[in-house]
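Residues per chain, in single letters:
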Amino acid sequence: MSFSFFRPSRPKTTQEFVKAVKDSLMALDTKTIVEVKALEKALEEVEKNFATMRCMISGDGEVEPNVDQISQLAFEICKEDVITLIIHNLHILGWEARKDLVYCWAILLKQKVGSTYCCVEYVENHFELLDSLVVSYDNKDIALNCGNMLRECIKFPTLAKYILESASFELFFKFVELPNFDVASDAFTTFKDLLTKHGDVVAEYLNIHYDEFFNLYEKLLTSANYVTKRQSVKLLSDFLLEPPNSQIMKRYILEVRYFKVMMTLLKDSSKNIQMTAFHIFKVFVANPNKPLEIKVILSKNHEKLVSLLHDLSGGKGADDEQFEEEKDIIIKEIERVSHLPNLEH
Amino acid sequence: MAHEEREEPRKPQQFPLDAGSYKIVGEIGAGVSAVVYKALCLPMGSVEVAIKSIDLDRSRTDLDSIRRETKTLSLLSHPNILNAHCSFTVDHRLWVVMPFMSAGSAHSIMASSFPEGLPEPCIAVILRETLNALSYLHNQGHLHRDIKAGNILVDAGGAVKLADFGVSALIYEPGSGQGSSTSSSTSSLMLANFTGTPYWMAPEVIHSHNGYGFKADIWSLGITALELAHGRPPLSHLPPSASLLMKITKRFRFSDYEKHKKDDPVRRKFSKSFKDMVASCLCQDPSKRPTAEKLLKHSFFKNCKGAEFLARHILKGLPSVEDRHRQAKLLRSLSMNKSGEDGGEEDAESGDPEGQSDKHRRISGWNFNEEGFELDPVFPNEVALGDSSARQASFEGEGMDRDNVAGSKGPFESASCTDQSSTSSPAGATNESEDECSDHQGSVLAAIHNAARGFDKEVMMGSLALLKRSLEDELQKVNSLMSLLGGGGDQRGVEIANREEQLVQVIDKLKAKLESEKKKNFELERELECLQHRISGTGGETVTDDAPVRD
């Protein structure tokens, strides 16, 4: 089978080419979709065009890509609304076309035209496109492609901010628990990017949506699904302990409710989960301004906690040394709290 | 849809995502953190599948690497690549459901029916199909990094698929004990070296791989070709195998090698185009190795047969993967010098437990001998001084990683330290155990080589004494294995009796093998004496009479 199928009909100018891409996507209208033969033909045309586009962007091994051409391409696909067409037709496209498309997406998004990222600007003016991409996690066939496109978008703070604050963000709490491991874990990767890529954006979001977010997050931490539990504790320690989130962290560690969640995770049957939970638990304990309730819980459970912590051991090497050190400090603090006279009630 | 001509339709959603829909039939592979089962998918008319069950809690790192690997795989689609139907979690295990490749890996086929290697037309089919997969992978910007017979799977119809993308690591390996986990952890490490998912890497990044990365796969393909041709990877005396069977059959390969060098008439003949194809893969300069696409056009693949040919010629009379796995497992449990986790490694199929570092060593340390269709070791005293000490270090390192068995380090060490200069001393491998016999071979070879140049008689004597001892060890092991089996009559059931029968056969074979090895040893000793004569004859350096006593 030949791989040079796109060569013969390569149009002359970028403008003409983008026009051809647009026409081929427009051909995927409702009329064609009913007609099997016509749809097949239209899809073939789209696939051919995306292969050509990929070739323009990355070169074909012999010819180096032309930077001016790429920048013109980015400009034209915005001008012609091709981006909207692409996202709306993603679910109809074939496997190969989707892959080429995702490949081009990553590069075109990063392509500066003049002083601006024109494709990013286009998406900023059509934020609903991001919602479409998020919702597509529900469609297994295109979930991974959309995930990749989304993560490219999330690299830009404005787009990440939109998704965080959109109604679709809540869907991620559902997607990360989908039974299909590929899709669920891809959704988790995107979720993680959203919460870790742009510290300031995340801090701002968490400040405003504190209750709503941690309410949902608690469900992940107490999920019956091992992977969800393990990933979400790890992610929590990743973003909560970041400097821009220090205010949120300080608020979080005052909450008895979340402290109890951490206590439960510390007792988990998985050592991996225990170890990660420790790194959040320790912040609750080390907090010099622990609320009385937390002190009472520590005091009541201090024997169990101390013996549990004694049994907990890290791996090897420097990490382990640090862990042991921290463990000692935490144990001492628990002992100290348990001897406080004014906790009797 | 149009693309379906080139690619398999992918409908992962067809397969149910709950454990209850699958009925496990039997175990067909096992490792430290993963088990591979043969299973039936009940709602789909009980179609046969393979399920790799990975214990996620065994891995201390976060799940990112596993996630990345499953995703890499699910974004690939090619008839020659083993894809997963679907994957889902069952408590803290990840189940990866894959097509069941009933004939198992090319390695396991050889181990079971073609110990001396496959017929050349069959090799051509297997390599061509593998190259198809490789060409697709490379076009997509991926490296496989672990091409070997153990990762090339065959189904009942003779269709060939490349496996092991981390998650599907080493499935169907009857011999893959803990080895599989070693290998899969290496491969996940490899993947972790990438920043981001390779497929989505920018073209310029991919381009930089063109120079070297892709060509490393081509090298491995060349090695795999030799493995398919000889029934074992070249120089398989390098990393040892702890499997008793493998150890015995593979030990002292160097003597075969010596035989080959003397143009033994028994040697199999391979076509010129095959040799030429392999030689091009094993070119020391990566840039001179052909791409996968180019290799496919090599004359060796002209008139290449198809899947039915493979099915007709090598799959007949093959025991089922389940049986092969059961037998390998039994052998393993009988292997008495199993020393903890490391000792249990079954890396015979690869000769490659150290993964990339090993490949690297091969690249720097061996030359392909097209004439003899083998890799020739480059001896320490033939390479530059700095180079040789580096190699020596790698031998030492290897010895240390691989075992803590104090074993029989004695004779060789004492013999070697008399007047060895450190650079020419292969005796750097002092921490060898019985398991490390492979390295002894290298040492012996090197010693003979040295002797031919007129020095280091002690080293040679020491090496030979050691060789003799390990032969005796072997005999002892075979004896104890036999007595163990002989006395095991009151074990449970007919099944055991059957296996015993099989094992007795195996042992008979091994005995014969041992005899021939002994013969070879004798010949070597003769040769040694000859050399000694020559040394004293030429009045070379320091002839001493106090060579280590041979018992």
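In short, a report on the structure. (Residues numbered from 1 in each chain as written. Chains lettered and ligands numbered in written order. Predicted model: local features only at pLDDT ≥ 70, side-chain atom pairs only at ≥ 80, totals over all residues. Heavy atoms only, no water.)

### A look at helix H13 (residues 199–208) of chain A
Residue pairs spaced three or four apart in an α-helix point in one direction, given the helix's 3.6 residues per turn. Heads up, the condition is: Relative accessible area decides the class of each residue, using a 1.4 Å probe on protein chains only: under 20% of the type maximum gives buried, over 50% gives exposed, and in between gives partly exposed. Put simply, DSSP marks the helices as runs of H or I at least four residues long and the strands as runs of E at least two long, and each gets a number from the N terminus on. Whether two residues are in contact is decided by their heavy atoms, any of which lying within 4.5 Å being enough.
Among all positions in H13 of chain A, only Val201, Val202, Ala203, Tyr205 and Leu206 of chain A are buried. Of the surrounding secondary structure, the elements contacted by the buried residues of H13 of chain A are helix H10 (157–165), helix H12 (181–196), helix H14 (210–221), helix H15 (226–240) and helix H16 (246–252) of chain A.

### Some points on the environment of Met277 of chain B
All names here are of chain B. Tracing the backbone shows Met277 in helix H9 (residues 272–281). Taking relative accessible area as the criterion, Met277 reaches 0% and is therefore assigned buried. C-alpha of Met277 to C-alpha of Arg289: the two residues are twelve residues apart in sequence and 10.0 Å apart in space. Sequence-distant contacts of Met277, defined by excluding residues within four places in its chain, comprise Leu127, Leu295, His298, Phe300 and Phe301.

### Here we look at the packing of helix H3 (residues 36–58) of chain A against helix H4 (residues 67–79) of chain A
Residues and elements named next belong to chain A. Put simply, the rule reads: Axis definition: a line fitted to C-alpha atoms, over the contacting stretch in the case of helices. Angles run 0 to 180 degrees between N-to-C directions. Roughly parallel refers to an angle under 35 degrees, roughly antiparallel to one over 145, roughly perpendicular to one between 65 and 115, and oblique to any angle outside these ranges.
In the contact formed by H3 and H4, the axes pass within 8 Å of each other and the chain directions differ by 135 degrees. Judged by the angle between their axes, H3 and H4 are oblique. Contact residues: H3 offers Met53, Met56 and Ile57, while H4 offers Gln69, Ile70 and Leu73.

### Concerning the pattern of salt bridges
Worth spelling out the cut-off: For salt bridges, the criterion is a side-chain nitrogen of Lys or Arg within 4 Å of an Asp or Glu carboxyl oxygen.
Throughout the structure, instances matching the rule amount to 23 salt bridges over all chains. Connected through shared salt-bridge partners, Lys110, Glu152 and Lys155 of chain A make up one network.

### Some words on the environment of Glu128 of chain A
Position of Glu128 of chain A relative to the elements: it lies in helix H8 (residues 128–135). Remark: the alpha-carbon pair of Glu128 of chain A and Ile163 of chain A, spanning 35 residues in sequence, is separated by 9.8 Å.

### A look at the sheet that holds strand E8 (residues 160–162) of chain B
Residues and elements named next belong to chain B. Here is the rule: A strand pair is defined by DSSP finding two or more bridges across the two strands.
Read across the open sheet, the three strands follow the order E6-E7-E8; overall the sheet is antiparallel. Across the chains shown, the open sheet's two edge strands, defined by having one partner strand only, are strand E6 (104–105) and E8. The sheet contact formed by E6 and strand E7 (residues 152–154) spans two bridges and is antiparallel. Bridge pairing in E7 places Gly104 opposite Val154. Contacts from helix H3 (residues 120–139) reach E7 and E8, with the element oriented near 40 degrees to E8.

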